[in-house]
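Now for the letters of each chain:
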Amino acid sequence: MTGNKNLHGIQGPYINFTADPFLYPEEECLEYCPDGLIVIEDGLIKLAGARTKVQKQINTDFPIRKYDNALIIPGFIDTHIHYPFATPAHKGCPHSVEL
């Protein structure tokens, strides 16, 4: 096995959304993995799944951070705006936007 300095892992229980719960039944969209490993390469997720299965697929040594007493969840990006900042009443406000 060879090392890759751009590769690292996060180990612990995690959840993942495999489909849009607004379009499919919720129980079909949520995946729970009690002993998971998420492999990250150059800042992007390369592979995720059951730890033993993922370790067999990755043929290299890399640092792994363990979070056994936590739940790893996907990052959520909050892209909302506050409507009052998009109205004519706030013209001139440095935070107002044109819609």
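Source: prediction; values computed, not measured.

Some remarks on the overall build of the protein chain
Move 1: If you tally the helices and strands in the protein chain, you get 2 helices and 6 strands.
Move 2: Written out in order from the N terminus, the α and β elements of the protein chain read β-β-α-β-β-α-β-β.
Move 3: Counting every position in the protein chain, which comprises 99 residues, the buried fraction comes to 22%.
Move 4: Sequence-distant contacts in the protein chain: of pairs separated by 6 or more residues, those separated by 24 or more amount to 52%.
Move 5: Carbon and sulfur atoms make up 56% of the accessible area of the protein chain, which amounts to about 7,800 Å² in all.

Concerning the pairing of strand β3 (residues 30-41)
Move 1: One ladder, built from 10 bridges, connects strand β2 (residues 7-17) with β3; its direction is antiparallel. Counted as the bridge partner of Gln 11 is Leu 37 from β3.
Move 2: In this sheet, strand β4 (residues 44-50) lies alongside β3 in antiparallel orientation, the contact comprising 6 bridges. Paired with Ile 40 across the two strands is Ile 45, which belongs to β4.
Move 3: Where β3 hands over to β4, the hairpin turn is made up of 2 residues, of which Asp 42 adopts a positive phi near 50°.

Concerning the side chain of Gln 11
Move 1: For Gln 11, the position within the fold is in strand β2.
Move 2: Leave out the neighbours within four places in its chain, and Gln 11 touches Asp 35, Gly 36, Leu 37, Arg 51, Ile 64, Arg 65, Lys 66, Tyr 67, Asp 68 and Ile 72.

Procedures and definitions
- Here the residue numbers are simple positions, counted from 1 along each chain's written sequence.
- With the structure being a predicted model, the display of local features is reserved for residues of pLDDT at least 70 and the display and counting of side-chain atom pairs for 80 or more, all residues being used for whole-chain, interface and lining totals.
- Excluding hydrogens and water, the side-chain values take into account all heavy atoms of the structure.
- Working definition: helices are DSSP H or I runs of at least four residues, strands are E runs of at least two. Numbering for both runs from the N terminus.
- For each residue, the accessible area found with a 1.4 Å probe, counting protein chains only, is set against the maximum for its type, and the residue is called buried under 20%, exposed over 50%, and partly exposed in between.
- We call two residues contacting when some pair of their heavy atoms lies within 4.5 Å.
- For the accessible areas, the method is Shrake-Rupley and the probe is 1.4 Å, while residue cover comes only from the protein chains on display.
- By the convention used here, strands pair only if DSSP detects at least 2 bridges between them.

That is the geometry; function is a separate question.
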